[in-house]
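Summary of the model geometry
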Amino acid sequence: MNKGTYDFQNAEDMKEVQRLIFDYNELPVDDNFQETDDSDSEDKVESRSVDSDTDHEVDDENAELGDANYFIGKDGTKWKKSPWKTTHTRPHRPNILAKLPGVMQTAKDAETEFDCWKLFVSDIILDMIVENTNIYIENLKEKITRERDRRPTDVIEMKAFLGLLYLAGIFHGGHQNIRDFWTTDDLGVNIFRMAMSEKRFRFLVRCIRFDNKISRNERRKTDKLAAVREIFTIFVNNCKTHYSLGQSVTVDEQLLAFRGRCGFRQYIPSKPSKYGIKIFCLSDAKMFYTSNMEIYCGEQPDGPYQQENSADAVVLRLTEPIHGTGRNITADNWFTSLKLVKELEERKLSFVGTVRKNKMELPLNFTSPKGRQQYDSIFGFTENETLVSYVPKKGKTIVLLSSLHVSENQVSDSVERKPEIVLYYNDTKSGVDVVDKLCAKCSVARSTRRWPTVIFYHILNIAVINSRVIFLENKNIHSNKREYLKTLALSLLSEQLQRRALIKSLPDEIKALLAKHRPKGPPMDDLEDASEPSSRKRRRCQPCYKETRKDCRSKYSCEKCKTYLCLNKHAKIVCERCLLTDNEEGRHISDCD
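Here goes a summary of the coordinates provided. (Residues numbered from 1 in each chain as written. Predicted model: local features only at pLDDT ≥ 70, side-chain atom pairs only at ≥ 80, totals over all residues. Heavy atoms only, no water.)

Regarding the overall build of the protein
For the record, the criterion: Put simply, DSSP H or I for four residues or longer makes a helix, DSSP E for two residues or longer makes a strand, and each gets a number counted from the N terminus. Buried residues are those whose accessible area, probed at 1.4 Å on protein chains only, stays under 20% of the maximum for their type, while exposed residues exceed 50% and partly exposed ones sit between those limits. We get accessible surface area from the Shrake-Rupley algorithm with a probe of 1.4 Å; when it comes to residues, only the shown protein chains can shield them.
Check the secondary structure of the protein and you find 22 helices and 15 strands. Here the protein holds 593 residues, and 44% of them are scored as buried. Roughly 34,100 Å² of accessible area belongs to the protein as shown, and the carbon and sulfur atoms make up 49% of that amount.

Below, the structure is given as structure tokens:
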């Protein structure tokens, strides 16, 4: 007899308990007992392993057949133990590229380092930076009273400023004191003193802006990235336009080191910098060209920039430019899921990536190393995907999912017997990581408390890497990155050096350096010195002498009557546009009274 309670002092009850322990087919039934779903229970795992595709119960024979042919995931996903038979004689469809890799459109005409760089940091971006920087400088009138110290910048000076940043990167001066580059002893760098003063460089570092600060608060109501949105979007579009990625691409994240105030700063312990701004990237696994980027800024406010931040959504947005082109995407376990792989297959893209062991589609056999030998591999197949579990060392397993590998020849002939999926993943997983190393090698980044500047420094680093890829393919030569960067920096500085060589008030040492090293070019040779007057003797200001009989000396004179005038009282500085406007209205401000 079966009953719900037993007296362990009673001999009959003890016999009943012993019979129940050794006979599992006759369990006591309690009408008040409610069955619960315990996913950690071994019984539940075994029952899921023989689940059928239909709702009806299966007999013991069918259950054994299912165990022999399939692995069953925790969510019921069935993985066949042997590859699906296929009659295809040509390569798997995702391997057939619909768009050949290489340089595209106008980028094929870029011959010099500067031409290649301008494909990414275009004139539109430079004009935007100059305009917004001058708006910020204009607002500094109350804080900086000396007009010369807050004069506006222009494109020539801005390019020189960027060239100096690149040169500082060559010397690994990101955390070096700026003063060290301008010292007059043998430890200084002459090109820095030739291009601009230390004070002016510091001023530009302080004032550089990428959007109109006056309207930023309004735009931030719908966009956390309002401070860099426009310039970042233009740059990414340029990256998409000028180069077609190869067959293998990598999706991964970068962390730009930053510990200042930022509403979406990330903490990633596995990264060297640990704190910073996270950027998702799509890069070529062989050429290390970055084609697409997306800044992670958390949940956006309601508006046009609000979007989903799940791993599947991020990958689909990053790979949108290559949808339908037959490329393969390699990613780590944060991005990988069976759902994502199937969605990419619909867009004619294959996928290879590691899988987190808590994914519900994985069978228990694939995640547990218990009872498995070193270099052992287990394969599971669906009609289009392959799952492999590999034991690189005793007690550890790695699981990878691929929609690219479908053949039966899955294991290499080496001693480690690595599956082809593992070999392919190791060969293509480091696309974004190599880009990180290339950026760090000659980085322009400097210590700053403004996160938009951190992103701008990263744009400059990516621009060098991408432009060098195009330069090497167009020229079909090998060029060291350091030499490429040096040539680019000098090209950016050339116009500024020619303009500075015309200034008569510079120290003799700087004049000598400019005369010796400045680039020879026609654009600036015929320019007159706009910042300093011609080299003439100082003469008496005639209006001052008439009024006060003071001998006030000046080297400035009226362009029309040649009367000498002092700048303090009697000379008025008017721009050409205002001069023409006043002349049209009948006023002749240049006439002398």
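Regarding the environment of K393
Positionally, K393 belongs in strand β12 (residues 386-393). K393 sits 23 residues away from E416 along the chain, and the two C-alpha atoms are 9.8 Å apart.

Some details on the pairing of strand β7 (residues 275-284)
Quick reminder of the rule: Two strands qualify as a pair provided DSSP detects at least 2 bridges between them.
Among the ten residues of β7, nine are classified as buried, and the element is accordingly described as predominantly covered. Of the pairings in the sheet, the one linking strand β5 (residues 248-257) to β7 comprises nine bridges and is antiparallel in character. Counted as the bridge partner of V249 is D284 from β7. As judged from the five bridges shared by β7 and strand β8 (residues 290-295), these two strands associate in the antiparallel manner.

Some thoughts on the packing of aromatic side chains
Here is the rule we go by: The criterion for an aromatic pair is that two Phe, Tyr or Trp rings (for Trp, the six-membered ring) have centres within 6.5 Å, with stacked assigned to planes under 30 degrees apart, edge-to-face to planes over 60 apart and tilted to the rest.
Summed over all chains, the structure comprises 18 aromatic pairs. Residues F161 and F201 carry aromatic rings whose centres are separated by 5.2 Å and whose planes lie at 45° to one another, so their mutual orientation is tilted. Taken together, the residues F161 in helix α6 (residues 155-170) and F201 in helix α9 (residues 198-207) connect sequence positions 40 residues apart. A single burial state applies to F161 and to F201, both of which are buried.

A few points about the environment of I295
Inclusion rule: Two residues qualify as a contact provided that any one of their heavy atoms is within 4.5 Å of a heavy atom in the partner residue.
Here I295 shows up in strand β8. The exposure class of I295 is buried, given its relative accessible area of 6%. For I295 and I455, which are 160 residues apart along the polypeptide, the C-alpha to C-alpha distance reads 9.1 Å. Apart from residues lying up to four places away in sequence, I295 is in contact with L225, V228, F232, F264, I277, K278, I279 and I455.

Here's the deal with the side chain of H458
Mapped onto the elements of the fold, H458 is located in helix α17 (residues 451-475). If sequence neighbours within four positions are ignored, H458 has contacts with Q254, L256, I279, M293 and C439.

Structural notes on the nonpolar core
So the rule is basically this: For our purposes a nonpolar core is just a set of buried Ala, Val, Leu, Ile, Met, Phe, Trp, Tyr and Cys residues, chained together by side-chain atoms within 4.5 Å.
By size, the foremost hydrophobic cluster in this structure holds 120 residues, and its most contacted members are W117, Y166 and W451. For this core, the element with the most residues is α17, which contributes 15 residues. For W451, the residues in contact, after removing those within four places along its chain, are K224, L225, A227, V228, F258, R261, C262, F264 and I277. Membership of the second largest hydrophobic core comes to eleven residues, among which are V352, F381, V388 and Y425.

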